[in-house]
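Geometric and topological summary
Here is what each chain is made of, one letter per residue.
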Amino acid sequence: MQVQTPDREAVVPPVRTERHHRRLWHSRTLQGLGYATPTAAFVAVFFVLPLLLVGRMSLHDWPLLAGDRGGNTPENYTDVTDSTLFWPAVRFTLLYTGIVTVVLLGLALLLALLVQESRPGTGFFRTVYFLPGALGLASASLLFWGMYSPTTGPLSRPLEKLGLVDGPVSFLGTPNSALLSTVFLVVWKFAGFYMLILLVGLQRIPHELYEAARMDGAGRGQIFRSITLPLLRPSLALSLLLCVTGSLLAFDQFFVLTKGGPDNSTVTVVQLIYREAFQRLDLGTAAALSIIVLAALLLLNALQFRGLRHADES
């Protein structure tokens, strides 16, 4: 009589399979924690802990050279709003943000449309447009500070020789000229960066939509309004978010070019934080102003995300 031996694979106990899945799950969990731990530690040390310290400083009387002197809860925040420079700094920061956002994103979109198609020389122009973005903002500010110099800069003398001006041009001598000169620097520096973001969004739009629109007789303006802008909305939203946030936190360009002048007309909110902390040596008031700026940025970003969500739903 022939005895059939059972198939070993068919009689594997289910407990062994469950144990294998558990071990695999634990292994993957430990592997994920190993990848996430360095980032979590970096965020905790360089973001969470400093944020908690700033929050504590904002509630205490904390001179820079003397340390914590005890609670000072309402006075730090009231001292911020009572400062003669606070509201002018807020108005100037909002004005600067509005001008930079409109000019910068408009120019970036134009550049992205110009280099959207692959033609001979397109790669060269893309590189040229993006090249200023590789330069640090402080270095670019120093470069333009030398260019704007009325005595040694390369811009004033040619204008005099051409007879366009009667004397040396002070590009940073008046509030309006200082603002426009700084805006020109920022646009030159970041136009290529935002062009790259918008260019990626443009290249993700299917060419079949453009071809179908042309076959239906749509012109360039209609194609731009009906196809390009709606499908480019995510890239525009990201660019808008980055541009507004960066402009509201402007510091380097004004610190190098104008030092807040002339007559404190170009003082931004972040410069006001710097003045409170390192010129008036009052870390408590500076921390309170930092918390106010952080809360305003969080509210503004939340409103932007909400507006983008409603636009996508509609």
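Shown above is the structure to which this text applies.
Residues numbered from 1 in each chain as written. Predicted model: local features only at pLDDT ≥ 70, side-chain atom pairs only at ≥ 80, totals over all residues. Heavy atoms only, no water.

1. Observations regarding a nonpolar patch on the surface
Together, Phe42, Val43, Val45, Phe46, Phe47, Val48, Leu49, Leu51, Leu52, Leu294 and Leu298 make up a nonpolar patch on the protein surface, roughly 1000 Å² of accessible area in all. Elements with a contribution of two residues or more to the nonpolar patch: α1 (14-57) and α13 (283-313). Per-element tally for the nonpolar patch: the top contributor is α1, with nine residues. As for its placement among the helices and strands, Val43 is situated in helix α1. For Val43, a relative accessible area of 36% puts it in the partly exposed group. (Patch = residues over 30% accessible without salt bridge, like charges linked within 9 Å, V, L, I, M, F, W, Y side chains within 5 Å. Areas by Shrake-Rupley, 256 points an atom, 1.4 Å probe, with all protein chains shown as cover. Salt bridge = Lys/Arg side-chain N within 4 Å of Asp/Glu carboxyl O. Helix = DSSP H or I, 4+ residues; strand = E, 2+ residues; numbered from the N terminus. Buried < 20%, exposed > 50% of the residue type's maximum accessible area, 1.4 Å probe, protein only.)

2. Considering the pattern of salt bridges
Taken as a whole and judged by the stated rule, the model has one salt bridge. Glu276 is the partner of Arg280 in a salt bridge, and the nearest nitrogen-oxygen pair spans 3.0 Å. Overall, the relative accessible area of 58% leaves Arg280 in the exposed class.

3. Notes on the packing of aromatic side chains
As enumerated under the stated definition, the model contains 15 aromatic pairs in all. A ring pair is formed by Phe124 and Phe125, whose centres lie 5.5 Å apart and whose planes are at 75°; its orientation type is edge-to-face. Chaining the aromatic ring pairs together yields one cluster made of Phe144, Tyr148, Phe171, Phe184 and Trp188. Between Lys189 and the ring centre of Phe190, over which it is positioned, the NZ or CZ distance is 4.3 Å. The ring of Phe255 carries Lys259 above its face, with NZ or CZ at 5.3 Å from the centroid. (Phe/Tyr/Trp six-rings, centres within 6.5 Å; stacked < 30°, edge-to-face > 60°. Lys NZ or Arg CZ within 6 Å of the ring centre and 35° of its normal.)

4. Comments concerning helix α5 (residues 137-147)
Within α5 the residues assigned to the buried category are Leu137, Ala140, Ser141 and Phe144. Down the axis of α5, the buried set is contained in an arc of 100°. They therefore lie on one face. Looking at the buried residues of α5, the elements they touch are α7 (175-203) and α11 (252-257). (Arc of directions from axis to C-beta. Contact = heavy atoms within 4.5 Å.)

5. So, the environment of Leu172
In this fold, Leu172 is placed in the loop between α6 (156-161) and α7. With 122 residues separating them in the primary sequence, Leu172 and Pro50 have C-alpha atoms 35 Å apart. Non-local contacts of Leu172, meaning those with residues more than four positions away in its chain, are made with Trp145, Tyr148, Ser177, Ala178, Ser181, Leu257, Thr258 and Pro262.

6. So, unusual backbone geometry
In this chain, Gly261 is followed by Pro262 through a cis amide linkage whose omega measures -5°. As for its placement among the helices and strands, Pro262 is situated in the loop between α11 and α12 (269-278). One non-glycine residue, Lys259, lies in the positive phi region at around 55°. Structurally, the position occupied by Lys259 is in the loop between α11 and α12. Phi is positive for Asn264, close to 60°, though the residue is something other than glycine. For Asn264, the position within the fold is in the loop between α11 and α12.

7. A word on the environment of Leu104
Looking at the element boundaries, Leu104 is found in helix α3 (residues 86-114). Look at Leu104 and you get buried, because its relative accessible area is 2%. Through-space distance from the C-alpha of Leu104 to that of Ala213 is 29 Å; in sequence the pair is 109 residues apart. For Leu104, the residues in contact, after removing those within four places along its chain, are Val186, Val187, Phe190, Ala191, Tyr194 and Cys243.

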